[in-house]
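# Structure assessment
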Amino acid sequence: MTTEAADSAEAVGAIAPAADPGFPQRYGASIEYVLIPGAALAGALVVFGIFVAMFGKNPLDLYFYMYYGAFGTWFSWQNTLTRAAPLILTALCTALPAQLGMVIIGGEGALLIGALSATSAALALQGMPPLVVQIAMVIAGVVGGGLWITLSGALRQYRGVNETISSLLLVYIALAILNHLVESVMRDPASLNKPSTREIGAANMIGSIPGTDVHWGLLFGLIAAIGAYILIYHTVFGFAARVAGGNIRAAKIVGLGVSKLILTICFLAGGAAGLAGMVEVAAVQGRTNANLAAGYGFTGILVAFLARQNPLAIIPVAILLGGISASGGLLQRRLGLPDASVLVLQGIIFVFVLASDALYGRIGFLKGKS
């Protein structure tokens, strides 16, 4: 009888792994990657609710309209997914170099250069079949954005310039280049109030996914994120990048080509942001102008940090942040809040995410028994 009781207890333990004292040790890190960012996001929403309450608004109304404006209707979902597309791509611009221990925050600049390159390709190939023009725009956008971020990687590797500072400064250089070209040699004479380039042509626009108002840029983003995940976690190149990111001096000692890794990763990262610029031109704007500097590159930094630099996790986080951005108009109409109030929320989220970074590995019940 005693033996049967022991066998029963052993069987229960086998089907209830959560009761195993080693469970927190085995899965604690995975739980942290979900629990801590989720808590940071919840804390940011609470603080934002208090901020709104100071202006006489009901925080519960705020949360309801945020949800409704982001995910409450099919129209809201389409708006959210449309905004999420460039966020996925610009987030990869930060997430990929992070595998090498680099902090690149210049996705906005790569987006602008990618948009400018794609527009130049389209205007140079006017009269060619639309498919040829679209392929040329994709190539030009990826190459333009890729080379722009590669410049930051090269400055770090060969001149010791901090990549965070250089990539940020390159954003303002990219904006200056765009404004100069749009207001001079590439300006459409018909654009009087807001200087713009000539239109790339309706036939060269990439259009929307059939049955929806969501453009094909979302599919580009999904493919890029999945491809980045496979590259980083299921290839020799990705393994080498993560080894170098863990200890770059050790990587050099064992003979890894660190310079090649840095330049390649930076090119891929910039290429993703450049593709976002191409999508904004070919699916939304139809031309290049200052409207392209909408902050997608900077919001992409927040997406990457909230996703813990994981390319697959970037997808749901980008949809969430895209929804927050999409709800701004509804908050303005229903609660009288400025449309830019969602930027305040994004800033609060960023602060909470950075502050929560110190909690990883320090949550007692997830560390298990030593």
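Residues numbered from 1 in each chain as written. Predicted model: local features only at pLDDT ≥ 70, side-chain atom pairs only at ≥ 80, totals over all residues. Heavy atoms only, no water.

## Digging into the overall build of the chain
Quick note on the threshold: In this text, helices come from DSSP runs of H or I with a minimum length of four residues, and strands from runs of E with a minimum of two, each type numbered from the N-terminal end. Partly exposed residues are those whose accessible area sits between 20% and 50% of the maximum for their type, while under 20% is buried and over 50% is exposed, using a 1.4 Å probe and protein chains only. Whether two residues are in contact is decided by their heavy atoms, any of which lying within 4.5 Å being enough. Method for areas: the Shrake-Rupley scheme with a 1.4 Å probe, in which residue coverage is limited to the protein chains shown.
What the chain contains, in helices and strands, is 16 helices and zero strands. Here the chain holds 370 residues, and 45% of them are scored as buried. Contacts in the chain between residues at least 24 apart in sequence constitute 77% of all its contacts with a sequence separation of at least 6. Put simply, the chain shows about 17,600 Å² of open surface, and 67% of that area lies on carbon and sulfur atoms.

## Regarding the packing of aromatic side chains
For clarity, the threshold we go by: Each pair of aromatic rings taken from Phe, Tyr and Trp, with Trp reduced to its six-membered ring, is defined by centres within 6.5 Å and is described as stacked if the planes are under 30 degrees apart, edge-to-face if over 60, and tilted in the remaining cases.
Evaluation of the coordinates by the stated rule reveals eight aromatic pairs. Ring geometry for Phe64 and Tyr65: centres 5.2 Å apart, planes at 65°, overall edge-to-face. Given a relative accessible area of 17%, Tyr65 falls into the buried group. For the ring pair Phe71 and Trp77, a centre distance of 4.8 Å and an interplane angle of 55° mean the geometry is tilted. These aromatic residues form a ring-pair network of at least three members: Phe48, Phe51 and Phe55.

## As for unusual backbone geometry
Here the phi dihedral of Arg308 falls at roughly 55°; this positive angle occurs in a residue that is not glycine. Residue placement: Arg308 occurs in the loop between α12 (296-306) and α13 (311-326). Given the relative accessible area of 31%, Arg308 is considered partly exposed. The phi dihedral of Gln309 falls on the positive side, at around 65°, and the residue is not glycine. Checked against the element boundaries, Gln309 lands in the loop between α12 and α13.

## Observations regarding the layout of surface pockets
Note the cut-off: Using only the protein atoms, space was sampled on a 1 Å grid; points where a 1.4 Å probe fits but cannot get out form cavities, open sets with protein on both sides within 12 Å along at least five of seven lines form pockets, and lining residues are those with an atom within 4 Å of a point. Grid points are joined across faces, edges and corners, and a volume is the space filled by probe spheres set on the points.
Volume-wise, the largest pocket comes out at about 700 Å³. Lining the largest pocket are 28 residues; nearest its centre among them are Ala294, Thr299, Ser325, Leu343 and Gln346. For the lining of the largest pocket, the secondary-structure elements that each account for two or more residues are α4 (74-98), α11 (258-285), α12, α13 and α15 (341-356). Put simply, the second largest pocket is a space of about 500 Å³. Those elements that place two or more of their residues in the lining of the second largest pocket are α2 (23-53), α12, α13 and α15. By residue number, the principal contributor to the lining of the second largest pocket is α2, which donates five residues.

## So, the packing of helix α3 (residues 59-71) against helix α14 (residues 328-335)
Rule in force here: Note on method: axes are straight lines fitted to C-alpha atoms, helices fitted across the in-contact stretch only, with angles between N-to-C directions ranging 0 to 180 degrees. An angle counts as roughly parallel when it lies under 35 degrees, as roughly antiparallel when it exceeds 145, as roughly perpendicular when it falls between 65 and 115, and as oblique in every other case. Take the far helix as your reference; a near helix turned counterclockwise from it by less than a right angle gives a left-handed crossing, and one turned clockwise gives a right-handed crossing. Gly is placed with the polar residues, together with every amino acid not listed as nonpolar (Ala, Val, Leu, Ile, Met, Phe, Trp, Tyr, Cys and Pro) or charged (Asp, Glu, Lys and Arg).
One can describe the packing of α3 onto α14 by two numbers: an axis separation of 8 Å at closest approach and a directional angle of 135°. Considering their axes alone, α3 and α14 lie oblique with respect to each other. The element α3 and its partner α14 pack so that their crossing is right-handed. Along the contact surface, α3 presents Asp61, Leu62, Tyr65, Met66, Tyr68 and Gly69, while α14 presents Leu330, Leu331, Arg334 and Leu335. The residue inventory of the contact of α3 with α14, partitioned by class, reads seven nonpolar, one polar and two charged.

## Considering helix α5 (residues 107-124)
Convention followed: Expected span of a helix: the number of residues minus one, times 1.5 Å.
Taking 1.5 Å per residue, 18 residues should reach 26 Å; α5 reaches 25 Å between its end C-alpha atoms and fits that length. Buried residues dominate α5, accounting for 15 of its 18 residues.

## Side note on the side chain of Ser152
Within the secondary structure, Ser152 is located in helix α6 (residues 130-159). Ser152 gets classed as buried once you look at its relative accessible area, which sits at 0%. Excluding residues that lie within four positions of it along the chain, Ser152 makes contacts with Ile104, Glu163, Ser166, Ser167 and Leu170.

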